[in-house]
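# Results of the structural survey
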Amino acid sequence: MACHMSLCWILLLTGLMIEPTLATSKSKKQAKWDVYLKRIKEASENYTDCSENTCYQPVLDADFQPWRDRGGIKHDDFIKAKKNRRNGVVHYQIINRKLYRQEKSMFQPRSEGIEHFLLKLLPSLPDMELLINTHDYPMVSKWSEPAPILSFSRTPRETD
């Protein structure tokens, strides 16, 4: 290795340079990451720009299909979901282009993030009420009666 001794030690300690005797073991350790690096590369190559929101439409259509099948979200559906909601489900209202939120929020930073985006959309939104689950996990199983709750997180097993 042709480098100044202190520079060599700095490079070795920071992992920027591999000592020849460590190269074999380092590449074996690196091999376990190859599958992930390959997936990242493939995802980057297949990336589609969604700035026009066209990528999200099929997901939105599928998410709201149960409500279309029922003829829409009825006032009684909302009242029942509001009454039966658990902690972490936050009630929002949009009235005359103003956003209102229930006083208490279990996860204040997440509620503030939701409000940030709702405020950007406010000029294009009609008067409405929303129930938004701010937990890290969804709450409405797809095998139970649907509830008009939007969730911050989701899995294939839930509908919120």
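Here's what I pulled together on the structure shown here. (Residues numbered from 1 in each chain as written. Predicted model: local features only at pLDDT ≥ 70, side-chain atom pairs only at ≥ 80, totals over all residues. Heavy atoms only, no water.)

## Considering the overall build of the chain
- Counting its secondary structure elements, the chain contains six helices and four strands.
- Moving toward the C terminus, one meets the helices and strands of the chain in the order α-α-α-α-α-β-β-α-β-β.
- Counting only contacts in the chain whose residues sit at least 6 apart along the sequence, the fraction spanning at least 24 positions is 41%.
- Accessible surface computed for the chain: about 12,200 Å², of which carbon and sulfur atoms make up 58%. (Helix = DSSP H or I, 4+ residues; strand = E, 2+ residues; numbered from the N terminus. Contact = heavy atoms within 4.5 Å. Areas by Shrake-Rupley, 256 points an atom, 1.4 Å probe, with all protein chains shown as cover.)

## Observations concerning unusual backbone geometry
- Phi is positive for Asn96, close to 50°, though the residue is something other than glycine.
- Position of Asn96 relative to the elements: it lies in the loop between strand S1 (89–95) and strand S2 (98–101).
- Overall, the relative accessible area of 60% leaves Asn96 in the exposed class.
- The phi angle at Arg97 is positive, at roughly 65°, despite the residue not being glycine.
- Topologically, Arg97 is positioned in the loop between S1 and S2. (Buried < 20%, exposed > 50% of the residue type's maximum accessible area, 1.4 Å probe, protein only.)

## So, the pattern of salt bridges
- All chains considered together, the criterion is met by six salt bridges.
- Note that Lys41 is salt-bridged to Glu45, the shortest N-O span being 3.7 Å. Separated by four residues within a single helix, Lys41 and Glu45 lie in helix H3 (residues 34–45), roughly one turn from each other. The same class applies to Lys41 as to Glu45, namely exposed.
- Asp77 is the salt-bridge partner of Arg70, the closest N and O atoms lying 3.4 Å from each other.
- Residue classification places Arg70 among the partly exposed positions, given a relative accessible area of 36%. (Salt bridge = Lys/Arg side-chain N within 4 Å of Asp/Glu carboxyl O.)

## Structural notes on the pairing of strand S3 (residues 128–133)
- Where S1 and S3 come together, six bridges link them in antiparallel fashion. Bridged to Val89 within S3 is Asn133.
- One ladder, built from two bridges, connects S3 with strand S4 (residues 150–151); its direction is parallel. Note that in S4 the partner of Ile132 across the bridge is Leu150. (Pairing = 2+ DSSP bridges.)

## Side note on the layout of surface pockets
- Empty space within the largest pocket amounts to approximately 1,400 Å³.
- Lining the largest pocket we find 34 residues, and of these Leu60, Phe64, Leu130, Ile132 and Leu150 sit closest to its centre. (1 Å grid on protein atoms, 1.4 Å probe; cavity = no way out; pocket = protein on both sides within 12 Å on 5 of 7 lines; lining within 4 Å. Points joined across faces, edges and corners; volume = space filled by probe spheres on them.)

## Overview of the packing of aromatic side chains
- Following the criterion strictly, the structure yields one aromatic pair and no others.
- Aromatic side chains Trp33 and Tyr36 sit 5.8 Å apart centroid to centroid with 50° between the ring planes, which places their arrangement in the tilted category.
- Take Tyr36: its relative accessible area is 45%, and that puts it in the partly exposed class. (Phe/Tyr/Trp six-rings, centres within 6.5 Å; stacked < 30°, edge-to-face > 60°.)

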